[in-house]
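Tertiary structure, described
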Amino acid sequence: MPKLPTTVPGGAALFQRVYTRLNCEGRPPRFHVDFYPYKSLTLTIRRREESVFVRLSDLLQRAPLPVLEAAAALLLARVYRRKASRELTTPYLDYARSHKTRSRINRMRSARVRPATHSHGRHFDLEKLFDELNEKYFEGKLARPNIGWSNRSWRRQFGCYDPGPNHILLNRRMDRPNVPQCAVEYVLYHEMLHVKHPTRRSGCSLISHSPEFRAEEKQFAHFERARKILDRLAR
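Now for a description of the structure that goes with this document. (Residues numbered from 1 in each chain as written. Predicted model: local features only at pLDDT ≥ 70, side-chain atom pairs only at ≥ 80, totals over all residues. Heavy atoms only, no water.)

**Description of the environment of Leu93**
With respect to the secondary-structure elements, Leu93 resides in helix α3 (residues 86–97). Distance from Leu93 to Ala71, taken between C-alpha atoms, is 8.6 Å for residues 22 residues apart in sequence. (Helix = DSSP H or I, 4+ residues; strand = E, 2+ residues; numbered from the N terminus.)

**Re the layout of surface pockets**
The rolling of a water-molecule-sized probe over the atoms marks out the regions of remaining empty space. The volume enclosed by the largest pocket comes to roughly 790 Å³. If you go around the largest pocket, you meet 32 residues; those closest to its centre are Tyr161, Glu191, His194, Thr199 and His209. The greatest single-element share of the lining of the largest pocket, amounting to six residues, is contributed by helix α4 (residues 99–112). Residues of the lining of the largest pocket, tallied by class, amount to eleven nonpolar, eleven polar and ten charged. (1 Å grid on protein atoms, 1.4 Å probe; cavity = no way out; pocket = protein on both sides within 12 Å on 5 of 7 lines; lining within 4 Å. Points joined across faces, edges and corners; volume = space filled by probe spheres on them. Nonpolar A, V, L, I, M, F, W, Y, C, P; charged D, E, K, R; others polar.)

**Points about the nonpolar core**
Judged by nonpolar contacts, the single largest core of 36 residues is most densely connected at Phe15, Leu22, Val54, Leu56, Leu60, Leu76 and Tyr92. Of all the secondary-structure elements, those providing two or more residues to this core are α1 (11–21), β2 (30–36), β3 (43–48), β4 (51–57), α2 (65–80), α3 and α4. Considering every element that reaches this core, the biggest residue donor is α2, with ten residues. Residues contacting Tyr92, with those up to four places away along its chain left out, are Leu41, Leu43, Leu60, Val67, Ala70, Ala71 and Leu74. (Core = buried A, V, L, I, M, F, W, Y, C linked by side-chain atoms within 4.5 Å. Buried < 20%, exposed > 50% of the residue type's maximum accessible area, 1.4 Å probe, protein only. Contact = heavy atoms within 4.5 Å.)

**Quick notes on the sheet that holds β3**
Sheet architecture is open: four strands sit in the order β1-β2-β4-β3, paired in mixed fashion. Two strands in the sheet have a free side with no partner beyond their single neighbour: β1 (6–7) and β3. Contacts from α2 reach β2, β3 and β4, with the element oriented near 45 degrees to β3. (Pairing = 2+ DSSP bridges. Axes fitted to C-alpha atoms, helices over the stretch in contact; angles between N-to-C directions.)

**Re α1**
Because each turn of an α-helix spans 3.6 residues, side chains separated by three or four positions in sequence point in the same direction. Looking only at α1, the buried set comprises Gly11, Leu14, Phe15, Val18 and Tyr19. Each buried residue of α1 lies within a common arc of 135 degrees when the element is viewed along its axis, so the set occupies one face. Against the buried residues of α1 lie β2, β4 and α2. Note on α1: the residue one or two positions beyond its end, Asn23, has a positive phi of about 60 degrees. (Arc of directions from axis to C-beta.)

**Side note on the environment of Pro198**
Here Pro198 lies in the loop between α6 (181–196) and β8 (200–202). As a C-alpha pair, Pro198 and Ser208 span ten residues in sequence and 7.0 Å in three-dimensional space.

As structure tokens, then:
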């Protein structure tokens, strides 16, 4: 049975305090604040007449009060067009970027996100391509994650790797006879590099494409040609 939203204890009062602290105009609305079982660290807010409905990822259930206040400041600043100070928002940003939180996100996603399916497309077999690329560029040492074609075509993104459920998805828009195989291989190779080089923290930033990542990416045999093909497909 899927988890249901749960009310954030003291959530309405917390949002009222932050509303006042940001000098938002008018009387504070009625806040309805819930923890919601999102698939990631997601925050949402919507206004409806005299009420504001907020949903915070249930990953924040054990977060310290300053983190919740910072999340409230980020949401309210967006809706009411106020500028939240760095001092107020930093606790949430630091919490979201921490290794401990990212590990919790990955564990949660492994349980809530269904693995990729349908690796055998109409024109390209992603498992076969993975094995060939693995032998050619990784000495066959890269463990194969779940691989599949996306259920819908994406407008711009060609591929993604999600470390939570450990799956690679490729844009089904490329599973066509007029798309050269080297372009599909390059996108798959790029996502395989994400498996080899996980996102890491450097200071206050998250590094997804390290210098090592970029150097290996250019080792792809048809690097320039594949990128030009993808540039045309993205138009």
